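Observations on chain architecture
The residues making up each chain are set out below.
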Amino acid sequence: MIAKPIWYAQSDHAGAAFGYSVGTAGDINCDGYSDVIIGAPYWDNGQNNESGAWVFIGSQYGLHESYKWRQDGDQIGANYGVSVGTAGDVNGDSCSDIIVGAPGYERSVEYENEGKAFVYLSTGSSLSLSPTFDKVSNQAGANFGYSVGTAGDVNGDGYADIIVGAYLWDAGETNEGGAWVYHGYSGGVISAPQWYAQGNQTTAHFGSSVASAGDVNGDGYADVVVGAP
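We now turn to the structure provided with this report. (Residues numbered from 1 in each chain as written. Predicted model: local features only at pLDDT ≥ 70, side-chain atom pairs only at ≥ 80, totals over all residues. Heavy atoms only, no water.)

Here's the deal with the pattern of salt bridges
The full count for this structure, using the stated rule, is 3 salt bridges. A salt bridge links Asp134 to Lys116; the nearest nitrogen and oxygen atoms lie 3.6 Å apart. Of this pair, Asp134 sits in strand β10 (residues 133-136) while Lys116 is found in strand β9 (residues 116-120), placing the two residues 18 residues apart along the sequence. (Salt bridge = Lys/Arg side-chain N within 4 Å of Asp/Glu carboxyl O. Helix = DSSP H or I, 4+ residues; strand = E, 2+ residues; numbered from the N terminus.)

As structure tokens, then:
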């Protein structure tokens, strides 16, 4: 691997924390080159700490200097972009989709920091600006979306699935944390979770990190891994 970077980007915005989260976006425009996604949870674009996420397209020469897609949190303190990554191909169109977490999102003062996760589908040339999936925790302080990612294809139906963590979720114990898997389908992502687990210990913070584990037992189905620090 070359020691010096062949590409870099910056926010040109004081305090934005651009690069707080980074990852592959998969191949969102189906051109055979991988793309990247970058989050900046303290980006301001009209609202304080509404935050943002950017996708840069790959090519035979590396990554393009200008971004292909950007979206903002559109809410003060949403911390949109704390977690970013590929969602895999959730709708089976052979192009990659992305997922972004906003753990500071709230619908009202009663649901402060409930958190929200967003999935955006590929349009073939870029990504939709409107999410196909935007899920909240319905629990104040849960920080749903603190961690997000592809789960792989956990049920073997040919569609990628997603996993979302909420490390301050309460379900009997304070801040035990939780993680949820949602299945992909031809229309995007099913809104009801197909799997859920919790920390079962006070301040376990289960769901601080989530990811696909690949197929650890060779049965043809993807598995998941969850951290509880």
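Re unusual backbone geometry
For Ala17, which is not glycine, the phi torsion reads 60 degrees and is therefore positive. Relative to the elements of secondary structure, Ala17 occurs in the segment before β1 (21-26). A positive phi angle, close to 55 degrees, is found at Asn79, a residue other than glycine. Relative to the assigned elements, Asn79 resides in the loop between β6 (69-72) and β7 (83-88).

Details of the environment of Gly23
Summarising the element assignment, Gly23 is placed in strand β1. Assessed through its relative accessible area of 25%, Gly23 is described here as partly exposed. It is 15 Å that separates the C-alpha atoms of Gly23 and Tyr120, two residues lying 97 residues apart in sequence. Among residues more than four places away in sequence, those in contact with Gly23 are Asp35, Val36 and Ile37. (Buried < 20%, exposed > 50% of the residue type's maximum accessible area, 1.4 Å probe, protein only. Contact = heavy atoms within 4.5 Å.)

In short, shape yes, function no, at least from these values alone.
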